[in-house]
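Breakdown of the fold
Residues per chain, in single letters:
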Amino acid sequence: MRSPSPLPPLSGPARPALLGAAALTLLLSACTPVTEDPAADPAPEQGPVETASLEEPEDIYAFTDPELTERLHLPLYDYILDEYEYWTVGRAQNALVVECLGELGFEAEASPSTVGIEAELTHHGPFHDYRLYGMASVDLAEEYGFETPSEEGPWPQWTVADGVDAQMAQAAADGYDFRGGDIETPSGDPVPEGGCNHQANLGISPDSPAPEEGGMWIAGEDGLIPDTPGRHHLADLLAETAHSTAREDTEVAAAAEAWKECVGLSETTVDPEGAPEVLDDEDAVLSAECLDSTGYPDAFVDAQTRAQEPLIEEHGDDLAERKEQLDAELAAARAVLDW
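Residues numbered from 1 in each chain as written. Predicted model: local features only at pLDDT ≥ 70, side-chain atom pairs only at ≥ 80, totals over all residues. Heavy atoms only, no water.

What about the overall build of the protein chain?
Here is the rule: Helix and strand assignments follow DSSP, with helices taken as H or I runs no shorter than four residues and strands as E runs no shorter than two, numbered in order from the N terminus. For each residue, the accessible area found with a 1.4 Å probe, counting protein chains only, is set against the maximum for its type, and the residue is called buried under 20%, exposed over 50%, and partly exposed in between. Note on areas: Shrake-Rupley with a 1.4 Å probe; residue coverage comes only from the protein chains shown.
From N to C terminus, the protein chain includes 11 helices and five strands. The buried share of the protein chain, taken over its 339 residues, is 50%. Taken as a whole, the protein chain presents about 15,500 Å² of accessible surface, with 48% of it coming from carbon and sulfur.

And the structure:
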């Protein structure tokens, strides 16, 4: 028997959809403030991690709906990693955390399960947008209603063996112990700067910011949290801005009214995104069919596209530079995993 670590590693939680993340100014994790965003140096050559034993999923995009993915595509998606690519970076981070913990004497391993990413791609799509405008898939609505089946989280986790102090292992991963006191490792070696999480980040990108005491990520002068592997906070901020603009679009509002009439909710103020709050599960198919017939997702995507295009033109150089870094981070992650 092996017991899960009490807290997920740095890359444990699924990332938010490409909006809303910019509202965060502090995030419990391991980073320091940065005042500039230099171009990432090429990641150091990193061989496969022997402790990972993680095989690459086959035909992973078979879990997506290509037609729906294309229908909901937004320009800013071209500047970020999709969910599977982001998951791949996180899987490599966890493998590197396990390697680091092993060097400190903690017996740990990365979970080989891919159930989470399969469920993520099935129910939310490669850019977490299948439910962004309400239940947009009639097929999913027919099988699951409004519900998302409870599955293992989309990020791979690491576990420690029975008898290992899981909280101390987590402290070694974080680089600090929230309970206070020193971190004691089985090997007696000190925990590296920033803990194993930061060392894992450095294995993906040598420019990953080192953690500050307490493990806080602090926004820089530009208001953005520093990017760690897989993240693109500028894209998150611009997407949130465009989403807010699109929500006020007259064509979006008209499509929302048409959807409400279609599902029999004309007397309410609910939008399609709030359908599960006012409709029963058996009405999920009707809601999805009405989304399709009224074109609500299409109107929203069109409005977001119009709002995103000038933002991309204004910030194009920064967006493109970070996307090059993300591509390098993904390549480094695949090298770690020997994929």
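Thoughts on the environment of I312
Note the threshold: By definition, residues are in contact when any of their heavy atoms lie within 4.5 Å.
Along the polypeptide, I312 turns up in helix α11 (residues 296-337). Distance in space between the C-alpha atoms of I312 and L76 is 7.5 Å, their sequence separation being 236 residues. The contacts of I312, once residues within four sequence positions are left out, are P75, L76, Y79 and L319.

Some thoughts on the side chain of T69
Examined against the element boundaries, T69 turns out to sit in helix α1 (residues 66-71). When near neighbours in sequence (up to four residues on either side) are disregarded, T69 contacts T64, P126 and Y130.

Some points on the nonpolar core
Counted only if it meets this: Here, the term nonpolar core denotes a set of buried Ala, Val, Leu, Ile, Met, Phe, Trp, Tyr and Cys residues that are joined through side-chain atoms within 4.5 Å.
One finds L76, Y133, W259, Y296 and L319 to be the most contacted residues of the largest nonpolar core, which totals 45 residues. Among the elements of the structure, α4 (138-144), α7 (233-247), α8 (250-263), α10 (284-294) and α11 are those that each provide at least two residues to this core. For this core, the element with the highest residue contribution is α11, accounting for nine residues. Counting residues in hydrophobic clusters, the runner-up holds 36 residues, among them W87, A95, V98 and L101.

Digging into unusual backbone geometry
It is generally the case that most residues other than glycine have a negative phi and that most peptide bonds are trans. Non-glycine residue D59 carries a positive phi angle of around 50°. Structurally, D59 is set in the loop between β2 (26-28) and α1. For D59, a relative accessible area of 59% translates into the label exposed.

Let's talk about the packing of aromatic side chains
Two measures describe an aromatic ring pair: the distance that separates the ring centres and the angle between the ring planes. Quick reminder of the rule: Here the aromatic set is Phe, Tyr and Trp, taking the six-membered ring for Trp, and pairing holds for ring centres within 6.5 Å; pairs whose planes are under 30 degrees apart are stacked, those over 60 apart are edge-to-face, and all others are tilted.
According to the stated counting rule, one finds six aromatic pairs in the structure shown. Look at Y61 and Y84: their rings are 5.8 Å apart centre to centre, the planes differ by 80°, and that puts the pair in the edge-to-face class. Taken together, the residues span a long stretch of sequence, with Y61 in the loop between β2 and α1 and Y84 in helix α2 (residues 83-103) at a distance of 23 residues. Judged by centre distance (6.2 Å) and plane angle (25°), the ring pair of W87 and W339 falls under stacked. A residue pair is termed long-range when its members are at least 10 positions apart, and W87 in helix α2 and W339 in the segment after α11 qualify at 252 residues. On the accessibility criterion, W87 (2% relative accessible area) is buried. A connected cluster of aromatic rings, assembled from ring pairs, spans Y61, Y84, W87 and W339.

Brief notes about α2
The condition that has to hold: A helix is expected to reach a length of 1.5 Å times the quantity of its residues less one. Whenever two N or O atoms come within 3.5 Å, that pair is a polar contact, provided that in protein one can donate a hydrogen and the other can accept it, and provided that, for residues adjacent in sequence, both atoms are side-chain atoms.
Its 21 residues give α2 an end-to-end C-alpha distance of 30 Å, which sits within 8% of 30 Å, the value for a rise of 1.5 Å per residue. For α2, a buried count of 17 out of 21 residues is recorded, marking the element as mostly surrounded by other parts of the structure. One side-chain oxygen of the residue at the start of α2 lies 3.0 Å from the amide nitrogen of Y84, identifying that residue as D82.

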